[in-house]
Amino acid sequence: MAKFFIERPIFAWVIALFVMVLGSVAITQLPIAQYPPVAPPSIVVSTAYPGASAQTLEDSVLSVIEREMNGSPGLIYMESVAQADGSGNLTLSFQPGTNPELAQVDVQNRLSRATPRLPAAVTQQGVRVDKSRSNFLLFAILSSDDPAWDPVALGDYASRNVVPELQRLPGVGQAQLFGTERAMRIWIDPAKLLSYKLSAADVNAAIRAQNAQVSAGEIGSLPNVAGQGIAATVVVNGQLSSVEQFGRILLRANPDGSAVRLKDVARIELGGQAYATSARLNGKPSTGIGVQLSPSGNALATAEAVRAKMHELEKFFPAGMQWKIPYDSSRFIKISIEQVAKTLVEAVALVFLVMFLFLQNWRYTLIPTIVVPVALLGTFAALLALGFSINVLTMFGMVLVIGIVVDDAIVVVENVERIMSEEGLSPPQATRKAMRQISGAIVGITVVLISVFV
């Protein structure tokens, strides 16, 4: 191999330039993270059963889904968590190397088999299947100086106008709202309900029957009678939207003509969908949005995209509303990568100075120095091909490998220079003879050092 490239120096330069171009392109494509993804890929199934206890949620929802997930290809173990507010999630961990995209599809297919056996309230709320990292990349906080924008109003605005925009950004695995949307709250008075000889089931049935969107059909549609020249679509306001409309829901009609309506047995208000989560920033009521990175996302690029999107959305915020990002892990990642890159540059500079100090020749110093960027850029191309990322460990590995590359280059250059000075051979002849002498030693040194690091 050495003889082949010694006799074809132009071909060797072409390969070196090709490697450098590949490495330069790979740097722009590689994801950036603080640490490599050593944890197995996981898929999270999120459910909600309003009003159910943790035990009820476990028995009627999570256990049903768990039974269907058994046998999923590459599944190592699963963990379920049921909360007292009726929310729960099932985390499925797969073997390292499993494609999370295919794992999510398989989980979704298995979930469809369990859906018919889930309670109707759960299927109405929807069951989500997400793939994302467990830690949060950053938190965006919305707050307002206007007292009219309470946490519920802020949460509803964020849920409708901010969270969907962030979820569409490349690299975002999940955007979780730490707040609540608006919802119609019906607080039933048990004493009044008992006095009218009604039950909570009667209230639920009345709301379900009278708060429904229906298709009322058309008037004069085909086939029509002779002379009918007009057709019109009938629009019925089926779903209720105000407190007054919900208050007029009929619970029971008495024989004497009187009626019992929902407002007679309950207090109705437009409040929050849930009150289990709240957020504060500097003591002020706020709403938060936690952004989680996708398994293949670039932490620095994703954080920058989130900030750019928030600046774009800020133009449409109501008066008095502002946003901040008090927690952003990408800052530490950026600092860590910059420090390692700085160490990398310092190592190259020190190598150059040490070689010049001992070899006392600019040409002999320049040759090993050129080897370093070629090897490092080739490493970036290999990282992209193997599915790795730029992180603290891979960059630190490059710092260590500089020593191996330079050691081999110095041994070769020093031996070639010795043969030229002692035997008076030309550079090509001296290089051929030098490589015949030290090829085995160079391979042995490299293998030993790599085995130490492994």
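Just above, that's the structure.
Attention here is on the structure that accompanies the text. Just so it is clear, the structure is predicted and the values come from calculations on it, not from any experiment.

The next subject is the overall build of the protein. In terms of helices and strands, the protein carries 15 helices and 15 strands. Against the compact-globule benchmark of 22 Å for 454 residues, the protein has a radius of gyration of 34 Å, which places it well outside the compact range. The dimensions of the protein, computed from C-alpha atoms along their principal axes, are 125 × 60 × 50 Å. Residue burial in the protein is summarised as follows: out of 454 residues, 34% are buried. In the protein, 72% of the contacts between residues at least 6 apart in sequence involve partners at least 24 apart. With an accessible surface of roughly 26000 Å², the protein has 60% of that area assigned to carbon and sulfur atoms.

We now examine the pattern of salt bridges. Going through the model one piece at a time under the given rule, you end up with 14 salt bridges. Between Arg113 and Glu68 there is a salt bridge, and its shortest N-O distance comes to 3.2 Å. Taken as a pair, Arg113 in helix H4 (residues 100-114) and Glu68 in helix H3 (residues 54-69) lie far apart in primary sequence, 45 residues in all. Residue class for Arg113 comes out partly exposed when judged on its relative accessible area of 44%. When its relative accessible area of 15% is taken as the criterion, Glu68 is described as buried.

The strand order E2-E3-E1-E4 describes an open sheet built from 4 strands, whose pairing is antiparallel. In this open sheet, the two edge strands, each paired with only one partner strand, are strand E2 (75-82) and strand E4 (128-130). The mean angle between the axes of side-by-side strands here comes to 15°, regardless of whether they run parallel or antiparallel. Alignment of E2 against strand E3 (residues 87-94), held across 7 bridges, turns out to be antiparallel. Note on E3: the bridge partner recorded for Val81 is Asn89. The strands touched by H3 within the sheet are strand E1 (42-48), E2 and E3, with E2 carrying the most contacts at an inclination of about 165°.

Okay, the side chain of Ser286 next. By the secondary structure assignment, Ser286 is in strand E14 (residues 284-293). Residue Ser286 is classed as buried on the basis of its relative accessible area, which comes to 2%. A polar side-chain atom of Ser286 sits 3.0 Å from the main-chain carbonyl oxygen of Lys284. Beyond its immediate stretch of four places on either side in the chain, Ser286 contacts Ile141, Leu142, Ser143, Pro151, Leu154, Ala279, Arg280 and Leu281.

Conventions adopted
- Per chain, residues are indexed from 1 in the order of the written sequence.
- In view of the model being predicted, local features appear only for residues whose pLDDT reaches at least 70, and side-chain atom pairs are presented and counted only at 80 or more, with totals across whole chains, interfaces and linings using the full set of residues.
- With hydrogens and water excluded, all non-hydrogen atoms of the structure serve as input to the side-chain values.
- Numbering of helices and strands starts at the N terminus; helices are DSSP runs of H or I of at least 4 residues and strands are runs of E of at least 2.
- Radius of gyration here is computed from C-alpha atoms only, and the compact-globule reference equals 2.2 Å multiplied by the residue count raised to the power 0.38.
- Exposed residues in this analysis have more than 50% of their type's maximum accessible area, buried residues have under 20%, and partly exposed residues fall in between, with area computed by a 1.4 Å probe over protein chains only.
- Contacts are assigned to residue pairs that have any heavy atoms within 4.5 Å of one another.
- For the area figures, the Shrake-Rupley method with a 1.4 Å probe applies, and any residue is considered shielded solely by the protein chains shown.
- Take a side-chain nitrogen of Lys or Arg and a carboxyl oxygen of Asp or Glu: if they are within 4 Å of each other, that pair is a salt bridge.
- At least two DSSP bridges between two strands are required for those strands to pair.
- Angles run from 0 to 180 degrees between N-to-C directions of axes, and those axes are lines fitted to C-alpha atoms, restricted for helices to the stretch in contact.
- Pairing of N or O atoms within 3.5 Å defines a polar contact, subject to two protein rules: one partner must be a possible hydrogen donor and the other a possible acceptor, and residues neighboring in sequence count only if both atoms are side-chain atoms.

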